[in-house]
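Each chain is listed here by its residues.
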Amino acid sequence: MNLLIKSATVVHPDSPFHNQVADILIKDGLISQIAASISVDDTDSIDATGKYLAPGFFDLNCNVGELGLETKEDLQTGTAAAAAGGFTGIALMPNTHPPVHSKAEVEYLLNRAKGNLVDIYPLGTISNKREGKDLSEMYDMFKSGAKAFTDGNCPVQDAGLMERALLYVQGFGAKVISYAEDAFIAGKAKMNEGVVSTMLGMKGLPSLAEELMVARDIYLAEDSGTDIHFTTVSTARSVELIREAKKRGLKVTCDTAIHNIVLTDEALMGFDSLYKVKPPLRTQADVDALIAGLKDGTIDALVTQHTPHEIEFKDVEFEVAEYGIIGLQTAFSLAVKAGLSIELIVEKLSINPRRVLNLDVPAFAEGQPANLVLLDAGGEWTYSRDSNLSKSFNSPFLGQNLKGKVLLTCNNHQIIYSN
């Protein structure tokens, strides 16, 4: 666990070495020294010239099948994929069977994850069994370690229930995460409503289904005076609604899925179910608005929305295929592909996700735990079935040569070398 990283460009806004070339010495899992130049004997070293050293990534929206859906992904394979992708922390969506709706599930996941390089943060449900009827045991889950609450991919249709949840969490400082979709408007649509859906003869999911719920929950948050976080916003109007809310001083944050800033609905022209996600891939105008929102601070974070599935749920007709792709190992590469600067990537993948959950950002200072990732923005690698560490293979990027490589990930007294 001793390593000297030489001549890395530090990317950490809270560090005095931000945007400077420095050496970092790691001993026994701690940052022993950080300086312009360090010389030591009997310690492994890595030449990081031209590479970037940043706090480990953190994913606010990650699905791992455990509990109950371990054939899709379990904690062992999910965290292996996360570490390979540069993530040292992941927030687990409660889309499990049973869902994470009591302290028993929260404590089980935390106990199962002990000793892992990747820190686990289970998210509890808003409603019991994610049925949208009664509040779950939110306070008990919070005391057991749940930092935020969401019904995952089941949007909360009952405005009264959402309002009660927002009011309830005020008493103990937790956060509510909203997945914005009006199920009655969305219906059984399979892709974005627009020119492409018309050409393909498929029922489209209008942007209004998301935007209406964003507007509703902004009003509820304003009325209750409570923080709210929107996950996987995907439309230009949603970005504008959140931008306006922030200008009015409301405590609103949001994220968007990385695949939604690099792909459009035109990817579905071949009816490839690997591109079937929810919220759906939108238009180029939406992609441009999402990227603009990331750059001006309207969108606080990027997420992978890692959603593993067995082959029998994806290698079927588009209409009946499940939603979702895996994305932990390709997150950095896709952010590079989207044209984001390394500083912006670190802000949206390392710094802000932790701030959304009121977690400490890993410090680059002597005596602090070494929680970091080494990145090669220009490095190329092939994402293959052999290099994929997830239990599932539902990614449209498998078999592709990607630019943007994670070299090593370090946390909890462990180091792994990736790709």
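Residues numbered from 1 in each chain as written. Predicted model: local features only at pLDDT ≥ 70, side-chain atom pairs only at ≥ 80, totals over all residues. Heavy atoms only, no water.

**A few points about the overall build of the protein**
- Helix and strand counts for the protein stand at twelve helices and 18 strands.
- Relative to a compact globule of 419 residues, whose C-alpha radius of gyration would be 22 Å, the protein shows 21 Å and is just as compact.
- Overall size of the protein, expressed as C-alpha extent along the three principal axes, is 65 × 50 × 45 Å.
- The buried share of the protein, taken over its 419 residues, is 60%. (Helix = DSSP H or I, 4+ residues; strand = E, 2+ residues; numbered from the N terminus. Rg over C-alpha atoms; globule rule 2.2 N^0.38 Å. Buried < 20%, exposed > 50% of the residue type's maximum accessible area, 1.4 Å probe, protein only.)

**Points about the sheet that holds strand 15 (residues 301–303)**
- Across the sheet, five strands lie side by side as 9-10-13-14-15; this open sheet has parallel pairing. Two strands close off the open sheet at either side, each with one partner strand: strand 9 (148–149) and strand 15.
- Where helix 12 (residues 342–356) meets the sheet, it contacts strand 10 (175–178), strand 13 (228–230), strand 14 (252–257) and strand 15, and its direction lies at approximately 100° from that of strand 15. (Pairing = 2+ DSSP bridges. Contact = heavy atoms within 4.5 Å. Axes fitted to C-alpha atoms, helices over the stretch in contact; angles between N-to-C directions.)

**As for the packing of helix 8 (residues 236–247) against helix 9 (residues 284–296)**
- In contact at an axis separation of 8 Å, helix 8 and helix 9 are set at 25° when each is read in the N-to-C sense. Judged by the angle between their axes, helix 8 and helix 9 are roughly parallel. Residues Ala236, Val239 and Arg243 of helix 8 pack against Ala285, Asp286, Ala289, Leu290, Ala292, Gly293 and Asp296 of helix 9.
- When its residues are assigned to classes, the contact of helix 8 with helix 9 shows six nonpolar, one polar and three charged. (Parallel < 35°, antiparallel > 145°, perpendicular 65-115°, else oblique. Nonpolar A, V, L, I, M, F, W, Y, C, P; charged D, E, K, R; others polar.)

**Quick word on the pattern of salt bridges**
- Evaluation of the coordinates by the stated rule reveals 16 salt bridges.
- Salt-bridge contacts for arginine 282 lead to glutamate 210; the nearest nitrogen and oxygen are separated by 3.8 Å. Here the residue arginine 282 occupies a position in the loop between strand 14 and helix 9, and glutamate 210 occupies one in helix 7 (residues 208–224), the gap between them amounting to 72 residues. No difference in accessibility class separates arginine 282 from glutamate 210, as the two residues are buried. (Salt bridge = Lys/Arg side-chain N within 4 Å of Asp/Glu carboxyl O.)

**What to know about the packing of aromatic side chains**
- One pass over the full model with this rule turns up eight aromatic pairs.
- Ring centres of tyrosine 139 and phenylalanine 172 lie 5.2 Å apart, and the angle between their planes is 55°; on these two criteria the pair is classed as tilted. Pair noted here: tyrosine 139 is in helix 3 (residues 138–144) and phenylalanine 172 is in the loop between helix 4 (159–169) and strand 10, with a separation of 33 residues, a long-range link.
- You can call phenylalanine 172 buried: its relative accessible area is 13%.
- Seen in terms of ring centroids, phenylalanine 142 and phenylalanine 172 are 5.0 Å apart; in terms of plane orientation they differ by 45°. Their pairing is tilted. Residue phenylalanine 142 is located in helix 3, and its partner phenylalanine 172 is located in the loop between helix 4 and strand 10; the two are separated by 30 residues in the primary sequence.
- Chaining the aromatic ring pairs together yields one cluster made of Tyr139, Phe142, Phe149, Tyr168 and Phe172. (Phe/Tyr/Trp six-rings, centres within 6.5 Å; stacked < 30°, edge-to-face > 60°.)

**Thoughts on empty space enclosed by the protein**
- On inspection of all chains with the given rule, the structure shows four cavities of 30 Å³ or more.
- In terms of lining, the largest cavity is formed by 13 residues, of which the most central are Pro155, Val156, Ile177, Ser178 and Tyr179.
- When the residues that make up the lining of the largest cavity are grouped by side-chain class, the tally is seven nonpolar, three polar and three charged. (1 Å grid on protein atoms, 1.4 Å probe; cavity = no way out; pocket = protein on both sides within 12 Å on 5 of 7 lines; lining within 4 Å. Points joined across faces, edges and corners; volume = space filled by probe spheres on them.)

**Here's the deal with the layout of surface pockets**
- Its boundaries defined by the atoms lining it, the largest pocket holds a volume of some 550 Å³.
- For the lining of the largest pocket, a count of residues per class yields eight nonpolar, 14 polar and five charged.

**Regarding the pairing of strand 5 (residues 52–55)**
- Summarising the sheet, strand 1 (residues 3–10) and strand 5 pair through two bridges and their orientation is parallel. If you follow valine 10 over to strand 5, its bridge partner there is leucine 53.
- Sheet analysis places strand 5 next to strand 16 (residues 372–383), joined by four bridges and oriented antiparallel. Of the residues in strand 16, the one forming a bridge with alanine 54 is valine 373.

**Some thoughts on the environment of alanine 81**
- Its location among the elements puts alanine 81 in helix 1 (residues 75–84).
- Owing to a relative accessible area of 1%, alanine 81 belongs among the buried residues under this scheme.
- In the structure, alanine 81 is positioned 306 residues away from serine 387 in sequence and 9.5 Å away in space, judged by C-alpha atoms.

**Quick look at helix 12**
- Between the first and last C-alpha of helix 12 there are 20 Å, a value that for 15 residues agrees with the 21 Å anticipated at 1.5 Å per step.
- Helix geometry: helix 12 is bent most strongly at lysine 348, by close to 35°.
- Judged by how many residues are buried, helix 12 sits mostly within the fold: twelve of 15 residues are covered.
- Three or more residues of helix 12 are buried, namely Ile342, Leu344, Ile345, Val346, Lys348, Leu349, Ser350, Ile351, Asn352, Pro353, Arg354 and Val356.
- Once helix 12 ends, the next one or two residues include asparagine 358, with phi positive near 60°. (Expected span 1.5 Å × (residues − 1). Bend = angle between axes of the 7 residues up to and from the residue.)

**Here we look at the nonpolar core**
- In terms of nonpolar packing, the biggest core is built from 93 residues, with Ile90, Phe149, Phe230, Ile261 and Leu340 touching the most fellow members.
- No other element matches the six residues that helix 12 contributes to this core.
- If near-sequence neighbours (up to four positions away) are discounted, leucine 340 is found in contact with Ile261, Ile291, Leu294, Leu302, Ala335 and Ile345. (Core = buried A, V, L, I, M, F, W, Y, C linked by side-chain atoms within 4.5 Å.)

**Focus: the sheet that holds strand 7 (residues 87–92)**
- The parallel open sheet is built from three strands, whose spatial order is 6-7-8. Across the chains shown, the open sheet's two edge strands, defined by having one partner strand only, are strand 6 (57–62) and strand 8 (119–122). Strand-to-strand twist across the sheet, computed as the mean angle between neighbouring axes with direction ignored, equals 20°.
- For strand 7 and strand 8, the ladder comprises four bridges, and the chain directions are parallel. Across the sheet, residue alanine 91 finds its bridge partner in strand 8, namely tyrosine 121.
- Its contacts with the sheet place helix 1 against strand 7 and strand 8, and it is angled at close to 135° to strand 7.

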